[in-house]
Amino acid sequence: MTYETRNPYTGDLLETFPDATDSEVNQAIEKAHTAFLSWKETEFVERARVMHAAAKILRRDVDYFANLLTVEMGKLVPEAKAEVALSADIFDYYAENAQTLLAPQKLPVAEGEAVIYAEPLGVLLAIEPWNFPFYQVVRIAAPQMSAGNTLLLKHASNVPQAAAAFEKLMLDAGLPEGVFKNLYATRSQIETIINDPRVHGVALTGSEGAGAIVAAQAGKALKKSTLELGGADAFVVLADAEMEKTIDWAVFGRHWNGGQVCVSSKRMIIVDDVYDKFLEGYIAGVAKLQAGDPFEPTTTLAPLSSKAAAEEIKDNIRQAVSLGATAIEVGPSVPPEGNFVQPTILTDISQDNPARYWEFFGPVSMLFRAKDEDDAVQIANDSPFGLGGSVFTANQKHGAEVAKRITTGMVFVNHPTMVKADLPFGGVKRSGYGRELVGLGIKEFVNHKLIAVSDIDAPF
């Protein structure tokens, strides 16, 4: 699969890592299963101690971990440090709340006593992407290890050092060997892992294509799966929105992490009354971005993670234009070196243009002029995706009512997206199924076991 670290800004190949052997994969599964048998019996207080320790190490060594993210996938240093801090917050959240979230639930039954207990399933496989190398992993690892499950990680091939660093982090935090293991697995080995009877579930964050394959493999093996796939989030601007601040959020919402975010504000939907004003301000806002070396503090627009990713976005823009869209290059001129894409606005994207329904994973903004609020909601829902979205308005109560009409997993009023340890994450439609974080996430891979006790003479 070619696991390698290649600097997205310089293009330099820094290090390569060999694929796992079949023997290593089988040994990892066996160790994870053996570790599960004892880890599931470990008290919550001990699991919490490990989670708190991992959080403490992340905060203590934030510069080291952030540096890995910048080197491997080109993340701006402030954004890398923010990702490390968020990962630490998630560890702490489950250390403090896992026991309560998984507490037995007594049911109000007419006869006898009935209680639902949450029991861990066993070994799980996590398949994670490169755009948030720590956050994506901790989002599944912290809740599931806190629940008593053990994890095998198959990370993206371009962030192998981050994957190895996460495994070391857990060992340094005191996690027993085998509870979490990074594997540089091949595609065929992924299917082998899913089919192994000692493995009881798979969580994937990635593309629609990868999700469809893994979901099919899991379904055939009768294993539980969760999928967090693509998104084309709507950024709805109503006529009474506070325009200057809304535009600032739009520029940030589309361009943070180089625009490589599932919940990035990819579709700007503006009611006709304020469309021209928004467009003028948005172009001016993007122009203030500065593309360059992600290690430089003045850089505000990062390169894309790989040359292939940049070329794919450029090709998507060309295809969209050939199908009738109008493309306007905006913002600062990007450097010739590095995996940069010139920020681009796409307009005039008709309903018969397939590009209207694509996910542009980079600094490309689709702008739609809506006749009114109802039309804006219709455009927002006219998408195969349903991950996140936002509504901007001076009337927060009305904004929440509009949000209820948008078919997606998450909607934020007056904010492009809010990623926090105490908020759930997940979507609907082709954005996947299942939820991560908070109580919803920790309960995705547990057995909700019912134990009902009744008198032996109770009626049938």
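Residues numbered from 1 in each chain as written. Predicted model: local features only at pLDDT ≥ 70, side-chain atom pairs only at ≥ 80, totals over all residues. Heavy atoms only, no water.

## Considerations on the packing of aromatic side chains
No. 1: This model, assessed by the stated rule, comprises 18 aromatic pairs.
No. 2: Each ring, one from Phe 65 and one from Phe 134, has its centre 5.5 Å from the other, and the planes form 75°; the classification is edge-to-face. Of this pair, Phe 65 sits in helix α3 (residues 62–73) while Phe 134 sits in the loop between β5 (123–127) and α5 (135–147), and the two are 69 residues apart along the sequence. Just as Phe 65 is buried, Phe 134 falls in that class too.
No. 3: Arranged with centres 6.1 Å apart and planes meeting at 25°, the rings of Phe 91 and Phe 166 form a pair that is stacked. Note that Phe 91 is positioned in helix α4 (residues 77–101) and Phe 166 in helix α6 (residues 160–172), a separation of 75 residues in sequence.
No. 4: Overall, the relative accessible area of 0% leaves Phe 91 in the buried class.
No. 5: Through a chain of ring-to-ring contacts, three or more aromatic side chains come together here, namely Tyr 64, Phe 65, Phe 91, Phe 134, Phe 166 and Phe 180.
No. 6: Cation over ring: Arg 47 sits above Phe 44, and NZ or CZ is 4.9 Å from the ring centre.
No. 7: Lys 224 extends its terminal NZ or CZ atom over the ring of Phe 445, reaching a point 5.3 Å from the ring centre. (Phe/Tyr/Trp six-rings, centres within 6.5 Å; stacked < 30°, edge-to-face > 60°. Helix = DSSP H or I, 4+ residues; strand = E, 2+ residues; numbered from the N terminus. Buried < 20%, exposed > 50% of the residue type's maximum accessible area, 1.4 Å probe, protein only. Lys NZ or Arg CZ within 6 Å of the ring centre and 35° of its normal.)

## Let's talk about the pattern of salt bridges
No. 1: This model, assessed by the stated rule, comprises 28 salt bridges.
No. 2: For Glu 4, the salt bridge is made with Arg 6, and the minimal N-O distance between the two is 3.3 Å.
No. 3: Arg 6 sits in the partly exposed class, given a relative accessible area of 37%.
No. 4: Between Glu 30 and Arg 198 there is a salt bridge, and its shortest N-O distance comes to 2.5 Å. Residue Glu 30 is located in helix α1 (residues 22–39), and its partner Arg 198 is located in the loop between α7 (187–195) and β8 (199–205); the two are separated by 168 residues in the primary sequence.
No. 5: For Glu 30, a relative accessible area of 35% translates into the label partly exposed.
No. 6: On the basis of relative accessible area, Arg 198 is assigned to the buried category, the value being 18%. (Salt bridge = Lys/Arg side-chain N within 4 Å of Asp/Glu carboxyl O.)

## Structural notes on the environment of Leu 124
No. 1: Examined against the element boundaries, Leu 124 turns out to sit in strand β5.
No. 2: The exposure class of Leu 124 is buried, given its relative accessible area of 2%.
No. 3: Sequence spacing of Leu 124 and Ser 454 is 330 residues, and the spatial spacing of their C-alpha atoms is 35 Å.
No. 4: Residues contacting Leu 124, with those up to four places away along its chain left out, are Gln 144, Asn 149, Thr 150, Leu 151, Leu 152, His 200, Gly 201 and Phe 445. (Contact = heavy atoms within 4.5 Å.)

## A look at the sheet that holds β8
No. 1: Taken in spatial order, the six strands of this open sheet run β7-β6-β5-β8-β9-β19, and their pairing is mixed. On the outer flanks of this sheet lie β7 (180–182) and β19 (432–433), each paired with one strand and no other.
No. 2: Bridge count between β8 and strand β9 (residues 224–228): five bridges; the pairing is parallel. In the sheet register, Thr 205 faces β9, and the bridge partner there is Glu 228.
No. 3: Strands in contact with α7 are β5, β6 (150–154) and β8; relative to β5, the strand with the most contacts, it is inclined by about 150°. (Pairing = 2+ DSSP bridges. Axes fitted to C-alpha atoms, helices over the stretch in contact; angles between N-to-C directions.)

## Looking at the packing of α3 against α6
No. 1: Contact geometry of α3 with α6 gives a least axis separation of 9 Å together with a crossing angle of 160°. Of the possible angle classes, the one that applies to α3 and α6 is roughly antiparallel. Considering only the axes of α3 and α6, their crossing is left-handed. Taking contact as the criterion, the partners of Tyr 64, Phe 65, Leu 68, Leu 69 and Glu 72 in α3 are, on α6, Pro 160, Gln 161, Ala 162, Ala 165 and Leu 169.
No. 2: Split by residue class, the contact of α3 with α6 holds eight nonpolar, one polar and one charged. (Parallel < 35°, antiparallel > 145°, perpendicular 65-115°, else oblique. Left-handed = near helix turned anticlockwise from the far one by under 90°. Nonpolar A, V, L, I, M, F, W, Y, C, P; charged D, E, K, R; others polar.)

## Quick word on the pairing of strand β1 (residues 3–6)
No. 1: Bridge analysis of β1 against strand β2 (residues 13–17) gives four bridges, and the strand direction is antiparallel. Within β2, the residue paired with Thr 5 across the bridge is Glu 15.
No. 2: Adjacent in sequence and paired antiparallel, β1 and β2 are bridged by six residues, among which Gly 11 carries a positive phi angle near 80°.

## A look at the pairing of strand β10 (residues 234–237)
No. 1: Neither face of β10 is left uncovered, since the one carrying Ala 234 and Val 236 and the one carrying Phe 235 and Val 237 both have all their residues buried.
No. 2: Bridge count for β10 against strand β11 (residues 267–271) is four bridges, and the pairing is parallel. Each bridged residue has a counterpart across the sheet, and for Phe 235 the counterpart in β11 is Met 268.
No. 3: Sheet analysis places β10 next to strand β16 (residues 389–392), joined by four bridges and oriented parallel. Among the inter-strand pairings, Val 237 is bridged to a residue of β16, identified as Phe 392.

Keep in mind that these numbers describe shape and distance, not what the molecule does.
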